[in-house]
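# A closer look at the structure
Below are the chains, spelled out letter by letter.
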Amino acid sequence: MNKMNAHIQTVELAKAYRLLNHGLTVLVSAKYEQEINVMSAAWACALELVPAKVSVVLDKSTKTRQLIEQSGYFVLQVPTLKQLKLVQQLGSISQFDDPDKLAHCHAPLFQFNGYDLPVVEGCAAWLICELIPEPHNQQVHDLFIGKVVAAFADDRVFRDGHWYYHEVGSEWKSLHHVAGGHYYTIGDVVDANLLE
């Protein structure tokens, strides 16, 4: 048996989630009647291809979660490095504590035609989702599943089904939250097809 690499160290179990937590950071927005909110979330992922489905973890203490449960719809957005301050603010301030959170964060919102949902300007992509109610998962695991009913992307960074981060400035790079306000951005392009 080979000796273990000296650089491999144990990780405290309370911090083990951080080994996977540097996935894409998203903004989650929702609306119910006249109430709207946007929050940051680090635990979101694709779940199924056809029909396209996504999952996102939303804590019980968030206003956005309440709006999603009431309306049955939400939007996942892919923010960029140029929106770092906004992303951090939207993830740090609760609308329960600050009813004017969106105004105080200067969140630039608009709507796509045909969808009465708030979305954040300047993102790289937007996925409009219909909630697939899973009460057990929502209550026990804070896990929400959505069927994507519409998707949009800024063609400067995503077109023809592919990301083009390598063709744009760093301000367009996606954000990946680690913990405590620390983020990474997406790295350089590598192509396994070019390996010899």
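Here, every reference points to the structure presented above.
Quick caveat: nothing in here was measured; it's all calculated off a predicted structure.

Once that is clear, we can look at helix α2 (residues 84-92). All buried positions along α2 are accounted for by L86, V87 and L90. Buried residues of α2 fall within an arc of 100 degrees about the axis and therefore sit on the same side. Residues of α2 that are buried in the fold lie against β1 (26-32), β2 (35-41), α3 (101-104), β7 (119-120), β12 (175-179) and β13 (182-185).

A contiguous nonpolar surface patch, about 320 Å² in accessible area, is contributed by V11, L19 and L20. With respect to the helices and strands, the residue V11 is situated in the segment before β1.

What follows concerns the packing of aromatic side chains. Inspection of the entire model under this criterion finds 6 aromatic pairs. Ring geometry for F110 versus W126: centroids 6.1 Å apart, planes at 85 degrees, classification edge-to-face. In this pair, F110 is assigned in strand β6 (residues 109-110) and W126 in strand β8 (residues 125-132), connecting sequence segments 16 residues apart. Assessed through its relative accessible area of 8%, W126 is described here as buried. Ring centres of F112 and F152 lie 3.8 Å apart, and the angle between their planes is 5 degrees; on these two criteria the pair is classed as stacked. Note that F112 is positioned in the loop between β6 and β7 and F152 in strand β9 (residues 143-153), a separation of 40 residues in sequence. Residue F112 is classed as buried on the basis of its relative accessible area of 14%.

So, on to the layout of surface pockets. Size it by volume and the largest pocket reaches roughly 600 Å³. As for the largest pocket, its lining consists of 30 residues, of which M39, S40, A41, A42 and G91 are closest to the centre. Only β2, α2 and β12 provide two or more residues apiece to the lining of the largest pocket. Per-element tally for the lining of the largest pocket: the top contributor is α2, with 5 residues. The class makeup of the residues in the lining of the largest pocket is 13 nonpolar, 13 polar and 4 charged. The calculated volume of the second largest pocket comes to roughly 430 Å³.

The subject of this paragraph is the pattern of salt bridges. Under the definition given, this model contains 8 salt bridges. A salt bridge links K31 to D116; the nearest nitrogen and oxygen atoms lie 2.8 Å apart. Taken together, the positions of K31 in strand β1 and D116 in the loop between β6 and β7 put the pair 85 residues apart, joining distant regions of the chain. Classification of K31 by relative accessible area gives buried; the value is 15%.

Here the focus is the sheet that holds β8. Reading across from one edge, β2-β1-β5-β8-β9-β4-β3 is the order of the 7 strands in this open sheet, with antiparallel pairing throughout. On the outer flanks of this sheet lie β2 and β3 (44-48), each paired with one strand and no other. Between one strand axis and the next, the sheet turns through 35 degrees on average, direction left out of account. Looking at chain direction, β3 and strand β4 (residues 53-57) are connected through 4 bridges and run antiparallel. The residue of β4 that forms the bridge with A46 is V54. Helix-sheet contacts for helix α1 (residues 63-71) involve β1, β2, β5 (73-78), β8 and β9, and the interaxial angle to β1 is about 50 degrees.

Here is what the cut-offs are and how they apply
Residues numbered from 1 in each chain as written. Predicted model: local features only at pLDDT ≥ 70, side-chain atom pairs only at ≥ 80, totals over all residues. Heavy atoms only, no water. Buried < 20%, exposed > 50% of the residue type's maximum accessible area, 1.4 Å probe, protein only. Helix = DSSP H or I, 4+ residues; strand = E, 2+ residues; numbered from the N terminus. Arc of directions from axis to C-beta. Contact = heavy atoms within 4.5 Å. Patch = residues over 30% accessible without salt bridge, like charges linked within 9 Å, V, L, I, M, F, W, Y side chains within 5 Å. Areas by Shrake-Rupley, 256 points an atom, 1.4 Å probe, with all protein chains shown as cover. Salt bridge = Lys/Arg side-chain N within 4 Å of Asp/Glu carboxyl O. Phe/Tyr/Trp six-rings, centres within 6.5 Å; stacked < 30°, edge-to-face > 60°. 1 Å grid on protein atoms, 1.4 Å probe; cavity = no way out; pocket = protein on both sides within 12 Å on 5 of 7 lines; lining within 4 Å. Points joined across faces, edges and corners; volume = space filled by probe spheres on them. Nonpolar A, V, L, I, M, F, W, Y, C, P; charged D, E, K, R; others polar. Pairing = 2+ DSSP bridges. Axes fitted to C-alpha atoms, helices over the stretch in contact; angles between N-to-C directions.

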